[in-house]
Amino acid sequence: MDLVINNMRVVFLSILVLACIGIKAQISDSNKHFKNAPVINKVQVNVLRGQPISFFLNHSGIDINSKKVYKGEKSIHEENILNGIMDSLISCGVEVRPFYFFIFNQIVDLSNGDQEERVARVCKEFIENYPCDLFYSFNQPELNINVVKWTTYIGLTLRDRANYIVFKNNVDSKIKTNCADIQDLLKSFMAEVRMCLLR
């Protein structure tokens, strides 16, 4: 029985390593083809965190460019728009954070090329600041979180085990204090991040 469990662990870890390597290769390859092409959000929802989308689209605390990105009227490749969304995600109030998270999650899914490093840093920063928001988002049917891309980006940003340990301890501390019910999800997520470290 122990042999079967150990074999299953080896297979699972091998799959994670291959996924991390594959997503990095996919991102690098996609950079060649889409470097200057506009990237438009095509995913729209009716509800975010129990609020109708109109609540966010009419909210004065959300900038017009972010609303246009949501509607597919602006490209995420526009430097000032991308920077504005990423800054707002980290600094906005709790009431509008679900909207900025939704848009940023789309950016993570669509990002490539020049954006990759900046988006990766914001993935790490968001989890450090708001880990409960990320992990509770996994239970929202309107969100499709590309876990492989998030963990790959964070692993690439952390680079090594020493940075990973500091990051893990910071996030773990916030989770224990604010949302201890997601401890198991955190462990799985962190295992994937660890597999994506560069060294």
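The coordinates are above.
Fair warning: this is a prediction, and the values are worked out from it, not measured in the lab.

Caption draft 1: Structural view of the nonpolar core. Judged by nonpolar contacts, the single largest core of 52 residues is most densely connected at Phe104, Leu134, Trp150 and Ile154. Residues contacting Trp150, with those up to four places away along its chain left out, are Phe101, Phe104, Asn105, Val108, Cys123, Phe126, Ile127, Leu134, Ile145 and Phe189.

Caption draft 2: How the structure looks around helix 5 (residues 97-110). In this model helix 5 runs 20 Å from its N-terminal to its C-terminal C-alpha over 14 residues, within 8% of the 20 Å that 1.5 Å per residue would give. Buried residues dominate helix 5, accounting for 12 of its 14 residues. Residues Arg97, Pro98, Phe99, Tyr100, Phe101, Phe102, Ile103, Phe104, Asn105, Gln106, Ile107 and Val108 constitute the buried set of helix 5.

Caption draft 3: Focus on the pattern of salt bridges. In the structure shown here, the tally under the stated rule is four salt bridges. Notably, a salt bridge pairs Asp133 with Arg97, separated by 3.1 Å at the nearest N-O pair. Taken together, the residues Asp133 in helix 7 (residues 131-137) and Arg97 in helix 5 connect sequence positions 36 residues apart. Lys124 is paired through a salt bridge with Glu128; the nearest N and O atoms lie 3.0 Å apart. Linking Lys124 with Glu128, this pair stays in helix 6 (residues 116-129), spanning four residues, or about one helical turn.

Caption draft 4: Inspection of the environment of Tyr164 at higher detail. Looking at where Tyr164 falls in the secondary structure, it is placed in helix 9 (residues 161-178). The spacing of Tyr164 and Ile154 is 10 residues in sequence and 9.2 Å in space, taken between C-alpha atoms.

Caption draft 5: Structural context of unusual backbone geometry. Positive phi, normally seen in glycine, also occurs at Arg49, with a value near 45°. Structurally, Arg49 can be placed in the loop between strand 1 (47-48) and strand 2 (51-52). Since its relative accessible area comes to 36%, Arg49 is described here as partly exposed. Of note, Arg159 is a non-glycine position whose phi angle comes to about 70°, a positive value. Summarising the element assignment, Arg159 is placed in the loop between helix 8 (147-158) and helix 9. Looking at Arg159, the relative accessible area reads 37%, which means it is partly exposed.

Caption draft 6: How the structure looks around helix 3 (residues 64-71). The complete set of buried residues in helix 3 reads Ser66, Lys67, Val69 and Tyr70. With its buried residues spanning 155° around the axis, helix 3 presents them on a single face. Each element contacted by the buried residues of helix 3 is listed here: helix 2 (53-57), helix 4 (79-91) and helix 5. For helix 3, the capping residue at the N-terminal end is Asp63, with a side-chain oxygen 3.2 Å from the backbone nitrogen of Asn65. Phi for Gly72, located one or two positions after helix 3, is positive at around 80°.

Caption draft 7: Here's a closer look at the side chain of Asp133. Asp133 gets classed as buried once you look at its relative accessible area, which sits at 16%. At 3.1 Å, the side chain of Asp133 and the side chain of Arg97 are in polar contact. Every residue in contact with Asp133, bar those within four places of it in the chain, is listed here: Arg49, Arg97 and Phe126.

Caption draft 8: Spotlight on the packing of helix 4 against helix 6. Where helix 4 contacts helix 6, the axes come no closer than 10 Å and their chain directions differ by 15°. It follows that helix 4 is roughly parallel to helix 6 by the angle criterion. In this structure, helix 4 crosses over helix 6, and the sense of that crossing is left-handed. Counted together, Glu79, Leu82, Asn83, Met86, Leu89 and Ile90 of helix 4 and Arg118, Val119, Val122, Glu125, Phe126 and Asn129 of helix 6 form the full contact between these two elements. Taken together, the residues of the contact of helix 4 with helix 6 break down into seven nonpolar, two polar and three charged.

Each value, and the rule that gives it
- Residues numbered from 1 in each chain as written.
- Predicted model: local features only at pLDDT ≥ 70, side-chain atom pairs only at ≥ 80, totals over all residues.
- Heavy atoms only, no water.
- Core = buried A, V, L, I, M, F, W, Y, C linked by side-chain atoms within 4.5 Å.
- Buried < 20%, exposed > 50% of the residue type's maximum accessible area, 1.4 Å probe, protein only.
- Contact = heavy atoms within 4.5 Å.
- Helix = DSSP H or I, 4+ residues; strand = E, 2+ residues; numbered from the N terminus.
- Expected span 1.5 Å × (residues − 1).
- Salt bridge = Lys/Arg side-chain N within 4 Å of Asp/Glu carboxyl O.
- Arc of directions from axis to C-beta.
- Polar contact = N/O pair within 3.5 Å; in protein donor to acceptor, adjacent residues only side chain to side chain.
- Axes fitted to C-alpha atoms, helices over the stretch in contact; angles between N-to-C directions.
- Parallel < 35°, antiparallel > 145°, perpendicular 65-115°, else oblique.
- Left-handed = near helix turned anticlockwise from the far one by under 90°.
- Nonpolar A, V, L, I, M, F, W, Y, C, P; charged D, E, K, R; others polar.

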